[in-house]
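# A structural walkthrough
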Amino acid sequence: PVFLKFLVSPKFTIVGGTRLGFLTGGKLKTSTETINVKDLYAQHNWSLLIGFEAEILNKTGIGMRYLPGLTDVDYSSNELIKRINSTQLYLTRDF
């Protein structure tokens, strides 16, 4: 991801930016065969990145990011997955 951090206070930061994801493979395995389905999906996708980081203890913090998908990834007609959205929750530690 490429993002900027905006310092709101010494212990709270807002983050925002973009992320580019790449498809590295796509296989569907059944009990009798393996089918290559990579051509049914986009080779890359763009997402926004918005979130925050907060220091909760000395040099230890938490963060959360939401990444709503901007591009359709499913070329098939079943429309099970049109865009990829994700949420990340993480811990930080400064050394």
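This report concerns the structure included in the present document.

Let us look at the pairing of strand β1 (residues 2-9). Within β1, only 0 of the 8 residues are buried, leaving the element largely exposed. What sits between β1 and strand β2 (residues 12-22) in their antiparallel hairpin is a turn of 2 residues.

We now examine the pairing of strand β5 (residues 44-57). Where β2 and β5 come together, 11 bridges link them in antiparallel fashion. Residue pairing across strands places Gly17 opposite Leu49, the latter belonging to β5. Two strands pair when backbone bridges link them, and β5 and strand β6 (residues 60-67) are joined in this way by 7 bridges, in the antiparallel orientation. Across the sheet, the residue bridging to Leu57 is Thr60, located in β6. Following β5, the chain reverses through 2 residues before pairing antiparallel with β6; Lys59 in that reversal takes a positive phi of roughly 65°.

On to the packing of aromatic side chains. This model, assessed by the stated rule, comprises 1 aromatic pair. A centroid spacing of 5.8 Å and a plane angle of 20° characterise the contact between Phe12 and Phe52, whose relative ring orientation is stacked. On the criterion of sequence distance, the pair formed by Phe12 in strand β2 and Phe52 in strand β5 is long-range, its members being 40 residues apart. Residue classification places Phe52 among the partly exposed positions, given a relative accessible area of 27%. If you follow Arg93 out to its NZ or CZ, it ends over the ring of Phe95, 5.8 Å from the centre.

A separate point is the sheet that holds β5. Whether parallel or antiparallel, the strands of a sheet pair through hydrogen bonds between backbone atoms. Taken in spatial order, the 5 strands line up as β1-β2-β5-β6-β7 in an open sheet, and their pairing is antiparallel. A strand with exactly one partner marks an edge of an open sheet, and here the two such strands are β1 and β7 (86-93). Between one strand axis and the next, the sheet turns through 20° on average, direction left out of account. Alignment of β1 against β2, held across 7 bridges, turns out to be antiparallel. Counted as the bridge partner of Lys5 is Val15 from β2.

A separate point is the side chain of Asn45. Relative to the assigned elements, Asn45 resides in strand β5. Classification of Asn45 by relative accessible area gives buried; the value is 7%. When neighbours within four sequence positions are excluded, Asn45 is seen to be in contact with Arg19, Leu20, Gly21, Thr71, Val73 and Ile84.

Reading the values: the criteria
Residues numbered from 1 in each chain as written. Predicted model: local features only at pLDDT ≥ 70, side-chain atom pairs only at ≥ 80, totals over all residues. Heavy atoms only, no water. Buried < 20%, exposed > 50% of the residue type's maximum accessible area, 1.4 Å probe, protein only. Helix = DSSP H or I, 4+ residues; strand = E, 2+ residues; numbered from the N terminus. Pairing = 2+ DSSP bridges. Phe/Tyr/Trp six-rings, centres within 6.5 Å; stacked < 30°, edge-to-face > 60°. Lys NZ or Arg CZ within 6 Å of the ring centre and 35° of its normal. Axes fitted to C-alpha atoms, helices over the stretch in contact; angles between N-to-C directions. Contact = heavy atoms within 4.5 Å.

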